[in-house]
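Examination of the molecular architecture
Residues per chain are reported as follows:
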Amino acid sequence: MKQISLNNASAQGFSFVEILAVLGVIGVIAAIAIPQLGGINSGTKEEKNQRNAQSIVSVYAAASAAGATISGTDVDTIVADITDADGVKVDDGVFKDKRFSVSGLSPHDIAAAQAYIKYDETSGGLVYTKNKAS
């Protein structure tokens, strides 16, 4: 009986051309994927800024409803009061001596969030805008 040997020299590894073809395909995939990842990162930063703005407006609304003393009627002053470590304090009523604040935001985060907040003269309070306020 004749024995067949499968020890063929060409079956021992990949050829140089095959390796170059695989590297070329990986390069094309990377060229497509890398710009997409940058867009994802940019989108998440905007979403974080929008969430921070929503938090600031929500805390402002709660503090106003509780009767907190908030100085000023412009966005900069109100946001500075709300994001201060001490926050704003309620002087009277059920929430007497309670403080309302949004803590843990860096000055950069506060400034970025402020782009989504405007002061509404009609309601006399802060309003969140989905698009950057002008």
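Residues numbered from 1 in each chain as written. Predicted model: local features only at pLDDT ≥ 70, side-chain atom pairs only at ≥ 80, totals over all residues. Heavy atoms only, no water.

The phi torsion at Asp97 lies on the positive side, around 70°, for a residue other than glycine. Within the fold, Asp97 resides in the loop between strand E1 (88-89) and strand E2 (99-100). (Helix = DSSP H or I, 4+ residues; strand = E, 2+ residues; numbered from the N terminus.)

This next bit is on the nonpolar core. One finds Ile56, Val79, Ile82, Val88, Phe100, Ile117 and Leu126 to be the most contacted residues of the largest nonpolar core, which totals 23 residues. If you list the elements that add at least two residues to this core, you get helix H1 (16-66), helix H2 (75-83) and helix H3 (107-114). If one sorts the elements of this core by residue count, H1 sits on top with seven residues. In this view, Phe100 contacts Val59, Ala62, Ala63, Ala66, Ile82, Gly87, Val88 and Val90; residues no more than four positions away in its chain are not counted. (Core = buried A, V, L, I, M, F, W, Y, C linked by side-chain atoms within 4.5 Å. Buried < 20%, exposed > 50% of the residue type's maximum accessible area, 1.4 Å probe, protein only. Contact = heavy atoms within 4.5 Å.)

Now for the side chain of Thr129. Structurally, the position occupied by Thr129 is in the segment after strand E4 (125-128). A distance of 2.7 Å separates the side chain of Thr129 from the backbone oxygen of Asn131, its partner in a polar contact. (Polar contact = N/O pair within 3.5 Å; in protein donor to acceptor, adjacent residues only side chain to side chain.)

Before going further, it helps to spend a moment on H2. The complete set of buried residues in H2 reads Val75, Ile78, Val79, Ile82 and Thr83. The arc that holds every buried residue of H2, seen down its axis, measures 120°, which confines them to one face. (Arc of directions from axis to C-beta.)

Caution applies to low-pLDDT parts of the model: their predicted coordinates are not meant to be read in detail. Confidence in the prediction of the protein, expressed as mean pLDDT, is 85, and 87% of residues score 70 or more. Averaged pLDDT values over the elements of the protein bottom out at 87 in H1 and peak at 92 in H3. (pLDDT = per-residue confidence, 0-100.)

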